[in-house]
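Listed below, chain by chain, are the residues.
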Amino acid sequence: MIMGPLARALDDRLRLSPITRRALAKIFPDHWSFMLGEIALYSFIALILTGVYLTFFFDASSADRVYQGSYAPLDGATTSAAYASTVRLSWDVRAGLLIRQTHHWAALAFVAAIVLHLSRIYFTGAFRKPRELNWLIGVTMLALALANGFTGYSMPDDLLSGLGLRIITSVVESIPLVGTWLAALALGGEFPSDEMIPRIFITHVLLVPAILVALISLHLGILVRQKHSQFPGPGRTEHNVVGSRFWPGYTLRTLALFAWVLAVLFALGGLVQINPVWLYGPFAPAESSSPAQPDWYVAWGDGALRLFPPWEFRIGGYLVPAPFFPGVVLGGLSFVALYLWPFIERWCTRDRRPHQLLDRPRNHPVRVGIGVGALTFYVVLVVAAGDDILARLLRVPVYDLLALFRVLVLVLPIVTGVLAFLIARALCRGEAASLGELTRADLRRGARPAPRRPTGEDEPEVPVRHRPGERIELWPQGEVWRWRYRNEAGQLTLTNNRAVTSEEEAVETARLAYPGVDRVVVPGPPPPPARALRVALRRWGRATAAGSLLVAALLGRRRERRRRRDGEDEPPPPEQADAISGGGDPT
Amino acid sequence: MSGQTPSKSERAASRRIAVAFLVSAAGAVGFAVTYGLNGGTQWEGVCLAVAFAGLAVGLAVWSRRLVPVGGYVEEHEGFVPPPAEQAMTAAVFRAPESPTRRWGLLAALGFALTALGVAALFPLRSLLPWDRQRPTRSLKDTPWGPGIRLVDDQGRPLRPDDVPADTMVAVFPEGSIDVGDAPAFAVRLNPERFIRQPAGGHLGGLVVWSLLCTHAGCPVRLYLKGAGRVLCPCHQSSFDLLAGARPIAGPAARPLPGLPIEVGPDGFLRATGDFTAPPGAGFWSRP
Amino acid sequence: MRRPRAVTLPTPHPRRALAVGSVLVLAAGPVALAPAPTPTPTATTPAADRGTQLYLEQCASCHGPQGQGSQRGPSLIGVGPASVDFQLSTGRMPLSQEVPQATRRAPVFSADDISALVGHVASFGGGGPQIPRVAPGDVVSGRALFAANCAPCHGAGGSGAVLTNGWIAPPLYESTATQVAEAVRVGPGLMPAFPSQVLTDRQVNDLTSYVQRLRSERLDRGGNPIGRLGPLAEGLVGWVVVLALLVGAVRWLGRRAGE
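Note that the structure is a prediction, hence the values are computed from the model and not measured.

Cut-off values and rules
- Residues numbered from 1 in each chain as written.
- Chains lettered and ligands numbered in written order.
- Predicted model: local features only at pLDDT ≥ 70, side-chain atom pairs only at ≥ 80, totals over all residues.
- Heavy atoms only, no water.
- Helix = DSSP H or I, 4+ residues; strand = E, 2+ residues; numbered from the N terminus.
- Buried < 20%, exposed > 50% of the residue type's maximum accessible area, 1.4 Å probe, protein only.
- Areas by Shrake-Rupley, 256 points an atom, 1.4 Å probe, with all protein chains shown as cover.
- Domains from an automatic or database assignment.
- Buried area = accessible area lost by both parts, 1.4 Å probe.
- Salt bridge = Lys/Arg side-chain N within 4 Å of Asp/Glu carboxyl O.
- Contact = heavy atoms within 4.5 Å.
- Polar contact = N/O pair within 3.5 Å; in protein donor to acceptor, adjacent residues only side chain to side chain.
- Pairing = 2+ DSSP bridges.
- Axes fitted to C-alpha atoms, helices over the stretch in contact; angles between N-to-C directions.
- Core = buried A, V, L, I, M, F, W, Y, C linked by side-chain atoms within 4.5 Å.
- Disulfide = S-S within 2.5 Å.
- Patch = residues over 30% accessible without salt bridge, like charges linked within 9 Å, V, L, I, M, F, W, Y side chains within 5 Å.
- Phe/Tyr/Trp six-rings, centres within 6.5 Å; stacked < 30°, edge-to-face > 60°.
- Nonpolar A, V, L, I, M, F, W, Y, C, P; charged D, E, K, R; others polar.
- pLDDT = per-residue confidence, 0-100.

A. Broad picture of the overall build of chain A. Helix and strand counts for chain A stand at 20 helices and 10 strands. Burial analysis of chain A (587 residues in total) assigns 56% to the buried set. Surface exposure of chain A reaches about 25100 Å², of which carbon and sulfur atoms provide 67%.

So this is what it looks like as structure tokens:
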């Protein structure tokens, strides 16, 4: 790799080139669903960039301030400094409104992308061993994203955010024993307190973002260390990753996505108005506005508050208020369920093996059913949070809608969950490649109770004897060695992502990636120009091939034995075919 | 895919990429000009969006047309280290000089760190105000009390005539307009229509209730005049004022607390005590 | 880069524009010029005849020939000219069929006919609020009054909201200044009334000025307001955009070779 003088100077001091070479060669699977998390990442970067700009103009204080500026209905009015500075930012700071709106849209997109990413991880089983840790970090980041979204929504001290803050305070106060203390601890007194805005501000711009940045780094660090998972396919095994290299292909692609995310967010920020706080007016304890909703990502809590019946009871003379169940219990249970899901599923399926190959969702109808049911539940709650808007648009009494939603929130998740379960099972048992190709016969087969094969079991890796036409080809390239995998039946050629320094290493990595494939061709095509060194290398390579393959086979056998030990009652994959017989065959 | 000489399609792709980057540059210049002319949020947003969209399109076409997609494989080592590695790492911790072998000292260290951790919790107390009451106490108490006059949102004291029928007047304790749990509202109803007497009593149909919803504390300022109901905008609880402000629909479970009032010797309305119950949302030790 | 902040009173242009706008609205309003301050119609004028005739044709079937009301419509005695003018000029009356809540439509009667009907209903007696004469007011005070008294039902953005039993608080974007002032004084339907003990004439002027300003799209500085419906509508737009533009882009970017 040709480097500039600066790069060389850095390399001389930090020995960066081996790390850089490996990093640039990292493989990213070519499937769109692996980029959902990147939308979240780039929305977060947009949030930080726009958010830093906003902090220069926002004044996080509840002190009185007279707004003077070009928004006439507030010109000369005394409001809190937080509100006045937000209106000033929106009306008197050039490009301020664009940045503020872009920031808010980025927040909506950030959480939406997290939800999509989480759904992809869930439905494909990417949370299974060894990736439980990243699942836990991801769920934590979702919770933090919700918290930061809500604090950001609350900061401008406008009427709508004040109502939201009062509701969340009421929810916290509803916790038995400690609720009032927790609320007072957070607000520094009774709502609305003067300490409220500064505390929310420091939480929003420092505490939570710092934790988020740390967790994102950890999330990505673990991702690089564990490498990507991938969907099953030709040439893809539990022991490799197939796709594009980070440099140059994926770098361009992901930068394109970054630019596109920014383009979409700025377009929204410029063209679609969001959170017009000047219209809402400053918060006052006795004022309210209608319709009153929070941002969509906390609206499920608001919907639950609306739908939960007016049930309160007393325990030993102490009150458990109505918001406790929809607010605290539901929110807590939701996140506990998310945190525990990998472990619940492992406990139910008794599947303790590591998985690098993802499930197709259809192969786990139960997981699909539960996931679709849960998503439906939260979607119904979000829609229920807009029951007053719906009632107005549809011109129906709001309490009729409320009654309808109370039924729907319980019934619809079961219906969609069962439906998703049956469809997944029909897809799994039938031959249809997608939803559109499902036939009635498939559906009928899916509805029949007897399972044709137990779910949760991966097919054992097909032994080499049954995989004709596959081979590994090695060849020297200058000073280094490359290898590639060829599957003539599937017309597939996959090149190793990086050059290695020796033939042994090439053989070893090839064996790691394709433990069952024993036909090794040394040197493989393309034929290198015959030079003295190359010829010598090739001869030397041929001579050592058999020996290195023998070593590799021994290593492989030991790994198999260990896997058998770890894999409990799992039947061991058939013993590898004799390595030497394949190794000596140059075709 | 890419040969020595660029193919026709490669040349076409290069042209498209270059055009996209030029459009991006034009968008950036446009943003600068719009900003300079104070052209408004919409143009600023469109220009920036064009600038980034140009970048995105250029890079995307570049990645798809000039760089091969896929075709590579990387080995995956698995994560169970060889037993020898595990044993060697474990041996490091079991070495004689390893601190993990001195259990007594470790216990003492743990004790010290625990004490430090507990001590570090104490400054959290400063997040609570020192000079005010316990939080539950302050939730129960409001600025209302005997002799406190009722004022409107401008701070003007109110006479009974200032609350005509068919309207709702927000009232506050004199001197405490901005206190969160103090807001109340006064309405004049026909006493003959009362199904249940208001908790705080009434003065010839003039009744005062807390403005805060008993569900989550939003101000119930949607007054449905003829129906004698108030509605909460946050979660659509509604309260029947003719039946003692009892909740009749929605998630609220308790009636609105009433405020007992009288006409003072100066002719202005004044409270004779606090609300009949703590206003707003419920909490654990609410009586 | 920033303009120097005006420390003194702000430039008067917005207010002047508002004042001019209000006057124009006032002049263009179908009813503003019509009512006499003391409508004491004599039985001989042609307007009174026209009013009697229209009333008997269009109103008496529900409200009774003497405005005494019936099972199908409330009594009109003492509702006051403001109420009659509001109901007729917003097209809520006459109703073609019985509905729980009359909605705003194009007025059925001309401005002259409306003032004739106002006069006829006033002859039933009983007083009631007069048609307010609105003048340009202070939008700062108007905004505060609106937030305190109107925003709970009509929404801080004036987009309206739902009440119980299928009733709605309508959006305010089509109301003229006079109609707003009439509604404030009268309290049509479920709306509370705000007589002069609660809001002075000057405060009503401030309020109507602000409501007229709410109609202007200049308040939507940030772009398309999505009906000023608040965060859930914004969330819907956010999801549609994320799914259509971002996930769509990702689906295209993430394709494998040859797909």
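B. View of the domain arrangement of chain A. Residues and elements named next belong to chain A. Domain boundaries assigned for chain A yield domain 1 (31-349), domain 2 (361-447) and domain 3 (465-583). Of the roughly 670 Å² buried between domain 1 and domain 3 on both sides combined, carbon and sulfur atoms contribute 60%. Its largest share of buried area at the contact with domain 3, domain 1 owes to Gly235, His239 and Arg245, together 59% of the area lost on that side. Seen at the junction of domain 1 and domain 3, the total is zero salt bridges.

C. Spatial organisation of the interface of chain B and chain A. On the chain A side, the residues contacting the 79 residues of chain B number 101 residues. Carbon and sulfur atoms supply 63% of the area that chain B and chain A bury against each other, a total of about 7400 Å² over both sides. Contact with chain A buries area across many residues of chain B, yet B:Tyr72, B:Glu74 and B:Trp284 alone supply 13% of it, more than any other trio. The residue B:Glu77 makes a salt bridge to A:Lys227 at a minimum N-O spacing of 3.5 Å. At the boundary of chain B and chain A, one finds 35 residue pairs in polar contact (both at pLDDT 80 or more).

D. The arrangement of the sheet that holds strand β9 (residues 246-249) of chain B in detail. All names here are of chain B. Here four strands make up an open sheet; going across it, the order is β6-β7-β8-β9 and the pairing antiparallel. Single-partner strands in this sheet number two, and they are β6 (222-224) and β9. Mean inter-strand twist for the sheet, computed between neighbouring axes without regard to direction, equals 30 degrees. Summarising the sheet, strand β8 (residues 238-240) and β9 pair through three bridges and their orientation is antiparallel. Its bridge partner being in β9, Asp240 is matched across the sheet by Arg246.

E. Representation of the nonpolar core. In terms of nonpolar packing, the biggest core is built from 203 residues, with A:Tyr71 and B:Phe185 touching the most fellow members. Top contributing element to this core by residue count: helix α5 (residues 96-124) of chain A, with 18 residues. Judged by nonpolar contacts, the second largest core, of 18 residues, contains A:Ile472, A:Leu474, A:Trp483 and A:Val517.

F. Expanded view of the environment of A:Ile315. Locating A:Ile315 in the fold gives a position in strand β5 (residues 313-315). Residue A:Ile315 is classed as partly exposed on the basis of its relative accessible area, which comes to 45%. Separated by 139 residues in sequence, A:Ile315 and A:Pro176 have C-alpha atoms that sit 9.6 Å apart. When near neighbours in sequence (up to four residues on either side) are disregarded, A:Ile315 contacts A:Val320 and B:Trp284.

G. Geometry of helix α15 (residues 387-394) of chain A. When α15(A) is considered as a whole, its buried residues turn out to be A:Asp387, A:Asp388, A:Ile389, A:Ala391 and A:Arg392. Just beyond α15(A), the residue with positive phi is A:Arg395, at close to 60 degrees.

H. Quick peek at the pattern of salt bridges. All names here are of chain A. Applying the stated criterion across every chain yields a total of 25 salt bridges over all chains. One salt bridge connects Glu473 with Arg471, and the closest N-O pair in it is separated by 2.6 Å. The shortest N-O distance in the salt bridge between Glu488 and Arg471 comes to 2.8 Å. Within this pair, whereas Glu488 is found in the loop between β8 (480-487) and β9 (492-496), its partner Arg471 is found in strand β7 (residues 470-477), the two being separated by 17 residues in sequence. Given the relative accessible area of 13%, Arg471 is considered buried.

I. Inspection of the state of the cysteines at higher detail. With the rule as written, the count across this model stands at one disulfide over all chains. Here B:Cys218 pairs with B:Cys234 through a disulfide, and the sulfurs are 2.1 Å apart. Linking B:Cys218 and B:Cys234, the disulfide has an S-S dihedral of approximately -95 degrees and is accordingly described as left-handed. Pair noted here: B:Cys218 is in the loop between β5 (206-210) and β6 and B:Cys234 is in the loop between β7 (229-231) and β8, with a separation of 16 residues, a long-range link. With relative accessibility at 1%, the residue B:Cys218 sits in the buried group. Exposure remark for B:Cys234: the relative accessible area of 1% places this residue in the buried category. For the unlinked cysteine C:Cys62, the closest cysteine sulfur is that of C:Cys59, found at 8.8 Å. With a relative accessible area of 21%, C:Cys62 lands in the partly exposed category.

J. Highlighting the sheet that holds strand β10 (residues 520-521) of chain A. The strand order across the open sheet built from seven strands is β1(A)-β4(A)-β1(B)-β9(A)-β8(A)-β7(A)-β10(A), with neighbouring strands paired in mixed fashion. Two strands lie at the open edges of the sheet, namely β1 (27-28) and β10 of chain A, each paired on one side alone. Sheet topology places β9(A) next to strand β1 (residues 72-75) of chain B; two bridges connect them, and they run parallel. From the neighbouring strand, A:Thr495 faces β1(B), where its bridge partner is B:Tyr72. Helix α10 (residues 246-271) of chain A contacts β1 and β4 (240-245) of chain A of the sheet and is inclined by roughly 70 degrees relative to β4(A).

K. Representation of a nonpolar patch on the surface in the model. A contiguous nonpolar patch, built from A:Leu6, A:Leu10, A:Leu14, A:Leu16 and A:Ile19 and spanning about 490 Å² of accessible area, is present on the exposed surface. Ranked by residue count, the leading element in the nonpolar patch is helix α1 (residues 5-14) of chain A, at three residues.

L. A look at the packing of aromatic side chains. Residues and elements named next belong to chain A. Evaluation of the coordinates by the stated rule reveals 33 aromatic pairs over all chains. Judged by centre distance (5.6 Å) and plane angle (35 degrees), the rings of Phe28 and Phe246 are tilted. In this pair, Phe28 is assigned in strand β1 and Phe246 in helix α10, connecting sequence segments 218 residues apart. Considering the side-chain rings of Phe44 and Phe110, the 5.5 Å spacing of their centres and the 35 degrees angle between planes classify their relative orientation as tilted. A residue pair is termed long-range when its members are at least 10 positions apart, and Phe44 in helix α3 (residues 36-55) and Phe110 in helix α5 qualify at 66 residues. Exposure class is identical for Phe44 and Phe110. Each is buried. Pairwise contacts between aromatic rings join Tyr122, Phe123, Phe127, Trp135 and Trp341 into one cluster.

M. Main features of the side chain of C:Gln179. Residues and elements named next belong to chain C. Take Gln179: it is sitting in helix α7 (residues 177-186). The class for Gln179 is buried, based on a relative accessible area of 2%. At a separation of 2.9 Å, a polar atom in the side chain of Gln179 contacts the side chain of Arg104. The contacts of Gln179, once residues within four sequence positions are left out, are Phe86, Ser89, Thr90, Arg104 and Glu174.

N. Quick peek at the interface of chain B and chain C. Contact residues are listed per partner, giving 26 residues for chain B and 29 residues for chain C. Buried surface at the junction of chain B and chain C, summed over both partners, amounts to about 2200 Å²; 54% is from carbon and sulfur atoms. Ranking the residues of chain B by area buried against chain C places B:Arg64, B:Arg221 and B:Lys225 at the top, with a combined share of 24%. At the surface where chain B touches chain C, the tally comes to 11 residue pairs in polar contact (both at pLDDT 80 or more). Elements represented by at least two residues in the side of chain B that touches chain C include exactly α2 (41-66), β3 (168-173), β6 and β7 of chain B. The dominant element in the side of chain B that touches chain C, judged by the number of residues it contributes, is α2(B), at five residues. Residue classes in the side of chain B that touches chain C are distributed as 11 nonpolar, six polar and nine charged.

O. A look at the confidence of the model for chain A. All names here are of chain A. When the pLDDT values of chain A are averaged, the result is 86; 85% of them are 70 or greater. Between the elements of chain A, mean pLDDT differs from a low of 35, seen in helix α20 (residues 579-583), to a high of 97, seen in α5. Across residues 454-458, where pLDDT falls below 50, the model places 10 contacts with residues more than four positions away in sequence or in other chains. The low-confidence segment residues 567-587 (pLDDT under 50) makes 29 contacts with residues lying over four places distant or belonging to another chain.

P. Quick look at the pairing of β3(B). Residue and element names in this part refer to chain B. A large share of β3 lies buried, amounting to six of its six residues. Burial of β3 is two-sided: the residues Met168, Ala170 and Phe172 facing one way and the residues Val169, Val171 and Pro173 facing the other way are all buried. One ladder, built from two bridges, connects strand β2 (residues 150-151) with β3; its direction is antiparallel. The partner of Leu150 across the bridge, within β3, is Pro173.

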